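Understanding the architecture of this molecule
Each chain is listed here by its residues.
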Amino acid sequence: MTTTSAERTVLSLTPRLLLGPGPSPVSHRVLQAAAHPTLGHLDPRFLELLDDMSLRLRDLFGTENEMTFAVSGTGSAGMEAAFVNLLEPGDTAIVGVNGVFGTRMSDVARRLGARVVDVQAEWGQALDPGRLEEAHRRHPEARLLAVVHAETSTGVHQPLDDIADQLRGSDTLFVVDAVTSLAGVPVEVDRLGIDVCYSGTQKCLGAIPGLAPITFSDWAMERIEGRREPVSSWYLDASLLSGYLGSERRYHHTPPINLLYGLHEALREVEEEGLDARFERHAEVGGRLQVELAARGFRPFTDVDHRLPQLTAVYVPQGRDEGRLRQALLEEHEIEVGGGLGPASGRIWRVGLMGHGARHECVDHLLEAVDELFANDLNGGRG
Ligand SMILES: *Cc1c(COP(=O)(O)O)cnc(C)c1O
C-alpha cells in the first residue's frame, strides 16, 4: 500500500504541547466550535454572534468602546490596523522600543511615512516613563504614542499607569499592543485612557490563530473620520469596517466565519472561568515555573520587577546547547518552547504558559523532560 502525500501530511499532525511564545494550546471545545457549519457573513444568526462577541471583547479589554471587534488577520494585522488608521504621512509617532515587537511597531509607522521617534530601553528592561515623557515634551504634536504591554521577545511586563497619566488631556493618542497580555494579565483600556488596543487570539486567549481583537475609542474614531487623506489600506480601514459592524451591515469583506466561532467559544471559556481567576492562574503557574527553572540553573533574562507570568525568558545554563536541547524537547518529548529573537538569539529560551498552557501539569511535563535531558547530559557539550 502506498500513501499519498496528503495522507502523509495528515499523519504527521500529531499534537505537541505548545509551551512557546504562541500559538498556545487550543481546547477541544474551541476546535469543535470552529467545526460548526459555515454561515453567511450577513446571516442574522452570524451577526448575532458578532454582536455578542463585541460585548465579550469589551469586557475583556475593560472598555465600553463600540468599535470593538476582531480584525481578520493575526496579531500583526491588529498592529497594522492601529497604525494605518491613525497615522498620515508626516505625522509624528513616539514608539517605545525594547524588543522585537516595539521594533516592528516602529517599522510599521515608518512605512506609513510617519516621523518616528524611538524611545529605547535595553532588551529585558521596561521602558522608562520619564524618557517617554521627555520625548512627548519635545514632540507635543505627536499623533500617537505606542508601547507594547507584554513584550513577548523579552518577557517584560510594561507598567502603563505613568504613561497613561502623562498622556491624559493631551492631543496624542495612546496605542497599546496587548497581543500577549490580553486574558493573561489585566488590560484596562478605559481606566488608562488607551485609544487603540489590539491583541491576538493565539496567546493567552487560547483560540485559533488568525484573528486580532481590537478596540478604538470614540475619540480615535473621530480623529480617523477627520483625516486629511483616506486610510491607505482599504482592507483595514476602520470607517469602512464600521459600516459592516454597525447597524448598516454593509458588506466589506467576508470574515473568517469559522475562526470567529472558535474565538466566541474561547471568550465563553474566559467568562466561565472568570477574569480574576484566570489572571491568578497565569500568575501562580508562571511564578512556579520561574522558581523551578532558576533552581535548575536557568538565569532570568528579564528584569526582576517586570516579569510576565505567561512568558518566561531565561538564559540556558552555561555549557548547554540551547538549540539541541530545544530540538530534543520537541522530537523526544513533544514539547515546543521558543528560542531567542534578535540579539537574544541562541542565548535564551522563551517558555509560554498561555491560556490552556497555564496549568501545573504542563509545568510538570516540561520539568520532567528537562531533568531527563540534563541527566542524560544531552547538552551538546560544546567543548
Ligand atoms: C505574537 C505577537 C505579535 C504578532 O502576532 P501574530 O499573531 O504573530 O501576527 C505582535 N505583538 C506581540 C507583543 C506579540 O507577542
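A few points on the structure. (Residues numbered from 1 in each chain as written. Predicted model: local features only at pLDDT ≥ 70, side-chain atom pairs only at ≥ 80, totals over all residues. Heavy atoms only, no water.)

Taken across its five residues, strand β8 (residues 173-177) has five buried, putting it largely inside the fold. Residues Leu173, Val175 and Asp177 line one face of β8 and the alternating positions Phe174 and Val176 line the opposite face, and both faces are buried. Two elements, β8 and strand β9 (residues 196-198), share three bridges in a ladder whose sense is parallel. When the bridges of β9 are listed, Val175 appears paired with Val196. (Buried < 20%, exposed > 50% of the residue type's maximum accessible area, 1.4 Å probe, protein only. Helix = DSSP H or I, 4+ residues; strand = E, 2+ residues; numbered from the N terminus. Pairing = 2+ DSSP bridges.)

We now examine the site of the ligand. Close to the ligand lie Thr74, Gly75, Ser76, Phe101, Val148, Ala150, Thr152, Asp177, Val179, Thr180, Gln202 and Lys203. Within the side chain of Thr152, one N or O atom sits 2.3 Å away from an oxygen atom of the ligand. In the model, an oxygen atom of the ligand is placed 3.0 Å from a nitrogen or oxygen of the Thr180 side chain. When the free accessible area of the ligand is taken as 380 Å², the share hidden by the protein chains comes to 89%. Residue classes in the shell around the ligand are distributed as four nonpolar, six polar and two charged. (Near = heavy atom within 4 Å. Polar contact = N/O pair within 3.5 Å; in protein donor to acceptor, adjacent residues only side chain to side chain. Areas by Shrake-Rupley, 256 points an atom, 1.4 Å probe, with all protein chains shown as cover. Nonpolar A, V, L, I, M, F, W, Y, C, P; charged D, E, K, R; others polar.)

Pairing in this open sheet of seven strands is mixed, and the strands run β2-β10-β9-β8-β5-β3-β4 from one edge to the other. Among the strands making up the open sheet, the edge pair consists of β2 (67-72) and β4 (115-120). Going from strand to strand, the sheet's axes swing by 20° on average, the running direction of each strand aside. Contacting β2, β8, β9 and β10 (211-216), helix α9 (residues 218-225) runs over the sheet at an angle of about 90° to β10. With respect to the sheet, helix α10 (residues 238-245) is in contact with β2 and β10, its orientation differing from that of β2 by roughly 105°. (Axes fitted to C-alpha atoms, helices over the stretch in contact; angles between N-to-C directions. Contact = heavy atoms within 4.5 Å.)

Remember that the coordinates give geometry; whether it matters functionally is a separate question.
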